[in-house]
Amino acid sequence: DGGITQSPKYLFRKEGQNVTLSCEQNLNHDAMYWYRQDPGQGLRLIYYSQIVNDFQKGDIAEGYSVSREKKESFPLTVTSAQKNPTAFYLCASSSSRDTYTGELFFGEGSRLTVL
Amino acid sequence: AQSVTQLDSHVSVSEGTPVLLRCNYSSSYSPSLFWYVQHPNKGLQLLLKYTSAATLVKGINGFEAEFKKSETSFHLTKPSAHMSDAAEYFCVVSEGRGADGLTFGKGTHLIIQP
């Protein structure tokens, strides 16, 4: 079945550590996205990529980094510079046709807790 | 600038009764509008979308929404709630300019009473 796989589902880290969240899709979608979700809030865009080897900052990119070396993969690194990293992180993708309408397919999310 | 307001943070209904989740939007353009559903600790799933075709949009699981330009609203309804409908619902507006053109509402938590 086609879809988006995020791993790990739960992750704990100590302050000062970098962590990388994995996102893989087999939908053959060109565009991929990372969102952050906090309780009682909507989703906020961290980074997005519309093509391999290119990505753009979203609204809250500070303290995060990404890469897009393959069409299927869009890993997110939460660096020690992110002041409040505890959150639920969602990866999404969209086809070229739907990129501008806004229809997204989401993974099941990764919950990061900083101890 | 566009915005979206979900008028209720929590809605509680009894099983078998109608559901109404309210969403108002603001946009300088002709927007696309979406409703997504999120079950606990899961990703978001598209329920339905409006993209300038018919104003009454039918989605999955018996949900529908009506685009009312004069009221700048896109309320989500279902005639009869089921226990499995308990989830978080997000209204999303898109001005059709790509990934940074989406605005998510803060969500409405739907509670279904047995």
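Let me begin by describing the structure that accompanies this report.

**Quick notes on the overall build of chain B**
On a plain count of helices and strands, chain B comes out with zero helices and twelve strands. In summary, chain B has a C-alpha radius of gyration of 13 Å against a globular reference of 13 Å for 114 residues, a match within 12%. Taking the principal axes of the C-alpha coordinates as reference, chain B spans close to 40 × 30 × 20 Å. When the 114 residues of chain B are sorted by exposure, 45% land in the buried category. A sequence separation of at least 24 residues applies to 56% of the contacts in chain B between residues at least 6 apart. In chain B, 9 positive and 9 negative side-chain charges are present, and the distance between their average locations comes to 4 Å.

**Details of the interface of chain B and chain A**
Contacts between the two partners involve 21 residues from chain B and, on the opposite side, 23 residues from chain A. Summed over both sides, the interface of chain B with chain A buries roughly 1,900 Å², with 53% coming from carbon and sulfur. The tally of links between chain B and chain A comes to two salt bridges. Across the pair A:Glu103 and B:Lys49 runs a salt bridge whose closest N-O atoms are separated by 2.5 Å. Between the two partners, chain B and chain A, sit seven residue pairs in polar contact (both at pLDDT 80 or more). When residues of the side of chain B that touches chain A are traced back to their parent elements, those giving at least two are β5 (32–38), β6 (44–50), β10 (87–94) and β11 (102–104) of chain B. The element best represented in the side of chain B that touches chain A is β5(B), accounting for four residues. In terms of residue class, the side of chain B that touches chain A is built from eight nonpolar, eight polar and five charged.

**Things to note about the pattern of salt bridges**
Residue and element names in this part refer to chain A. Taken as a whole and assessed by the stated rule, the structure comprises nine salt bridges over all chains. With its nearest N and O atoms 3.4 Å apart, the salt bridge here joins lysine 71 to aspartate 30. One end of the pair, lysine 71, is in the loop between β7 (64–66) and β8 (76–78); the other, aspartate 30, is in the loop between β3 (19–25) and β4 (31–37), with 41 residues separating them in the sequence. The shortest N-O distance in the salt bridge between aspartate 38 and arginine 36 comes to 2.9 Å.

**Some remarks on a nonpolar patch on the surface**
Residue and element names in this part refer to chain A. Judged by side-chain polarity, Tyr10, Phe12 and Leu115 come together as a nonpolar surface patch covering roughly 370 Å² of accessible area. Topologically, phenylalanine 12 is positioned in strand β2 (residues 10–13). Classification of phenylalanine 12 as exposed rests on a relative accessible area of 53%.

Parameters and conventions
- Residues numbered from 1 in each chain as written.
- Chains lettered and ligands numbered in written order.
- Predicted model: local features only at pLDDT ≥ 70, side-chain atom pairs only at ≥ 80, totals over all residues.
- Heavy atoms only, no water.
- Helix = DSSP H or I, 4+ residues; strand = E, 2+ residues; numbered from the N terminus.
- Rg over C-alpha atoms; globule rule 2.2 N^0.38 Å.
- Buried < 20%, exposed > 50% of the residue type's maximum accessible area, 1.4 Å probe, protein only.
- Contact = heavy atoms within 4.5 Å.
- Lys, Arg positive; Asp, Glu negative; His and termini not counted.
- Charge placed at Lys NZ, Arg CZ, Asp CG, Glu CD.
- Buried area = accessible area lost by both parts, 1.4 Å probe.
- Salt bridge = Lys/Arg side-chain N within 4 Å of Asp/Glu carboxyl O.
- Polar contact = N/O pair within 3.5 Å; in protein donor to acceptor, adjacent residues only side chain to side chain.
- Nonpolar A, V, L, I, M, F, W, Y, C, P; charged D, E, K, R; others polar.
- Patch = residues over 30% accessible without salt bridge, like charges linked within 9 Å, V, L, I, M, F, W, Y side chains within 5 Å.
- Areas by Shrake-Rupley, 256 points an atom, 1.4 Å probe, with all protein chains shown as cover.

By themselves, these observations are geometric and do not establish any function.
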